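# Commentary on secondary and tertiary structure
This is what each chain is made of:
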Amino acid sequence: MTLDPKRTIAELKELRALTADANGAQRVAWTDTWLKAREWFAQKLSGLPVEHHYDAARNNWATLPGESEKSLLIGGHLDSVPNGGWLDGSLNVLAGLEILRRINAEFNGRPPVTVRLVDWADEEGARFGRSLLGSSAFAGTASIAADRVRTDRDGVRLEDALRRCGVEIDRFPEATGEQKNAAAYIELHIEQGPVLERMGLPLATVLGTKGVERHAITFHGQEAHSGSTPMNARRDALAAAAKLALEIRTIAGKHPDAVCTVGSVKTFPGIVTAVVGRCEATLDQRDLDPTVLATMFREAREASERFAKEERCTVEWSRIWNIEPIAFDPGLLDLCDEAIREVAQTTHRMPSGPLHDAAEVSRAGIPTVMMFVQSVGGISHNKIEDTREEHLEMAVTAFDRLASKVIAYLR
Ligand SMILES: [Zn+2]
């Protein structure tokens, strides 16, 4: 049996028919639809001589034992956001399944190294606001105390939703046992952005995931009457925040892949007849280079102080969340370039703005690389998310080449 990328597309459509409604994919982790998707997937595995189990964090493992216990891990996630697309996460899993079939056939059920396909639990964090839940349990970076008490929109606690699926969050640390013999991890994903489409390229090697600095910034001025307060007597907190919202474009613009976003601005008292006395803004900054990230953070902070002074306001910062940049394995980056070149002639290297399970695997010290395939219009987390079928086929083929190269590299 040879690789059949068309079968991957057919299976993606089958999964879509089973788990989507008129608004898109509904495979939100820890819901019945997600469990149904996993049952469907388990049936797909039944023809293969794989050992299949769920670990303590409900990550879904299919292992094809090889001559060596050294393992190549191939990963993705069947869970989706509500009203999600048909490819985010599922392409990775179903391409991995096709590759597992090909490897099984080529080596008569006994490849030179062990090959393990993993469907991570709750990559999206759509219900409880905690992304990469299963892969962080695997990596040993899970934050159990903080996560167990998280609640969804209906007030259901994360701990209880997991228990309903047979998972005890206190046993999460046991999932680190799956790291045993893991020698490399590869993941295929849709780009979810417009870069490859703009460049006219189907595929790219992912350099790593960008680090994130996420902060709440509050400007304090003076609430005052909008009719009686002369322009030069105002301490307008929104004016200072607005200057910062524009300045971050200059700050990010000095670096080719950096992004900065002021995603939320709230004004107080927030009425049409008052100068804004207090303005609460958020800032999200991302880059793959830790030095660039630190520089952008410093520059934004200095700019905020300058604008606060100009507007006779004060400013305070508090960190919401941050994560360091994660660079993928240089040896695997080269293999990924080679695989893409064989299928698409040209390759490109780019960082990932979104985080992926691959970041957690890499944090566990396992050599990791990801491959991106172009997204139509750069849209994801939306039912219109799409990738041209010829690009999907190229992605499955190139990803299969990558798997072969990594097996040869490990043996
Ligand atoms: Zn994803």
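Position numbers for residues start from 1 in each chain and track the written sequence from start to end. For this predicted model, a pLDDT threshold of at least 70 governs which residues receive local features, and a threshold of 80 or more governs which side-chain atom pairs are given and counted, while totals over whole chains, interfaces and linings are taken from all residues. With hydrogens and water stripped out, all remaining heavy atoms of the structure feed into the side-chain values.

### Here we look at the coordination of the zinc ion
With water excluded from the atoms, a metal site may look incomplete; its donors are any N, O or S atoms within 2.8 Å, or within 3.2 Å for Na, K and Ca. Taken together, the protein ligands of the zinc ion are H77 (NE2), D88 (OD) and H189 (NE2), with distances of 2.0 to 2.2 Å. Mapped onto the sequence, the donors of the zinc ion take the spacing H-x10-D-x100-H. With H77 in the loop between strand 5 (68–76) and helix 3 (90–106) and D88 in the loop between strand 5 and helix 3, the pair connects residues that are 11 residues apart, well separated along the chain. The burial state of H77 is the same as that of D88; both residues are buried. In this text, helices come from DSSP runs of H or I with a minimum length of four residues, and strands from runs of E with a minimum of two, each type numbered from the N-terminal end. Summary of the burial criterion: residues with accessible area below 20% of their type's maximum are buried, those above 50% are exposed, and those between are partly exposed, where the area comes from a 1.4 Å probe applied to protein chains only.

### Description of the pattern of salt bridges
Every case where a carboxyl oxygen of Asp or Glu lies within 4 Å of a side-chain nitrogen of Lys or Arg is listed as a salt bridge. The full count for this structure, using the stated rule, is 41 salt bridges. Note that D400 and R102 form a salt bridge whose closest N and O atoms lie 2.9 Å from each other. Of this pair, D400 sits in helix 12 (residues 389–410) while R102 sits in helix 3, and the two are 298 residues apart along the sequence. Residue classification places R102 among the buried residues on the basis of a relative accessible area of 7%. Its salt-bridge partner being K254, residue E299 comes within 3.0 Å of it at the nearest N-O pair.

### What to know about the environment of P65
Here P65 shows up in the loop between strand 4 (60–64) and strand 5. Residue classification places P65 among the partly exposed residues on the basis of a relative accessible area of 35%.

### Brief notes about the pairing of strand 8 (residues 203–209)
Of all seven residues that make up strand 8, six are buried, and the element is covered over most of its length. A pair of strands is labelled paired if DSSP reports no fewer than 2 bridges between them. Sheet analysis places strand 8 next to strand 18 (residues 368–373), joined by four bridges and oriented antiparallel. Residue pairing for strand 18: T205 is matched across the bridge by M371. In terms of strand pairing, strand 8 meets strand 17 (residues 349–352) through three bridges, oriented parallel. Paired with T205 across the two strands is R349, which belongs to strand 17. Two elements, strand 8 and strand 16 (residues 326–327), share two bridges in a ladder whose sense is antiparallel. The residue of strand 16 that forms the bridge with T209 is I326.

### Overview of the packing of helix 2 (residues 32–45) against helix 3
Lines fitted to the C-alpha atoms define the axes, with helices restricted to the stretch that makes contact. Angles between their N-to-C directions range from 0 to 180 degrees. Put simply, helix 2 and helix 3 touch, their axes get as near as 11 Å, and they point 10° apart. One finds that helix 2 runs roughly parallel with respect to helix 3. Considering how the two elements wind past one another, helix 2 and helix 3 form a crossing that is right-handed. Residues W40, F41, K44 and L45 of helix 2 form the contact with helix 3, whose participating residues are V93, L94, L97 and R101. Every angle not falling under 35 degrees, over 145, or within 65 to 115 is termed oblique; those three ranges are roughly parallel, roughly antiparallel and roughly perpendicular. Handedness of a crossing is defined here by the sense of rotation of the near helix relative to the far one, left-handed for an anticlockwise turn of less than a right angle and right-handed for a clockwise turn. Residue contacts are counted whenever heavy atoms from the two residues lie within 4.5 Å of one another.

### Considering helix 3
Look at helix 3: 24 Å from first C-alpha to last across 17 residues, which is about the 24 Å you get at 1.5 Å a residue. The buried fraction of helix 3 is high, at 15 of 17 residues. Once helix 3 finishes, N108 follows within two positions and takes phi at roughly 50°, a positive value. The span expected for a helix works out to 1.5 Å for each residue beyond the first.

### Quick look at the packing of aromatic side chains
Pairing of aromatic rings covers Phe, Tyr and Trp, the last through its six-membered ring, and needs centres within 6.5 Å; plane angles under 30 degrees mean stacked, over 60 mean edge-to-face, and all others mean tilted. For the structure shown, the criterion picks out six aromatic pairs. Relative to W120, the ring of W61 lies with its centre 5.6 Å away and its plane at 80°, an arrangement referred to as edge-to-face. Here W61, found in strand 4, pairs with W120, found in the loop between strand 6 (113–119) and helix 4 (133–139); they are 59 residues apart in sequence, far enough to count as distant. Neither W61 nor W120 differs from the other in exposure class; each is buried. Between W61 and F138, the aromatic rings sit 5.8 Å apart at their centres with planes inclined by 40°, giving tilted as the arrangement. Of this pair, W61 sits in strand 4 while F138 sits in helix 4, placing them 77 residues apart in sequence. This pair shows no difference in class: W61 is buried, exactly as F138 is. Taken together, the ring pairs in this structure connect W61, W120, F138 and Y185 into an aromatic cluster. Lying over the aromatic face of F307, R306 brings its terminal NZ or CZ to 5.1 Å of the ring centre. By the criterion adopted, a ring carries a charge over it if an Arg CZ or a Lys NZ lies within 6 Å of its centre and within 35 degrees of its normal. When the ring centre of F297 is taken as reference, the NZ or CZ atom of R319 above it lies at 5.8 Å.

### Quick notes on the nonpolar core
Formed by 79 residues in total, the largest nonpolar core has its most connected members in F41, L72, I186, M371, F399, L402 and V406. With 10 residues, the single largest contributor to this core is helix 12. Not counting residues up to four positions away in its chain, the partners in contact with V406 are L72, A184, I186, L332 and L335. Put simply, buried Ala, Val, Leu, Ile, Met, Phe, Trp, Tyr and Cys residues joined by side-chain atoms within 4.5 Å make one nonpolar core. Counting residues in each nonpolar core, the second largest holds 24 residues, with I217, F219, L283 and L293 among its members.

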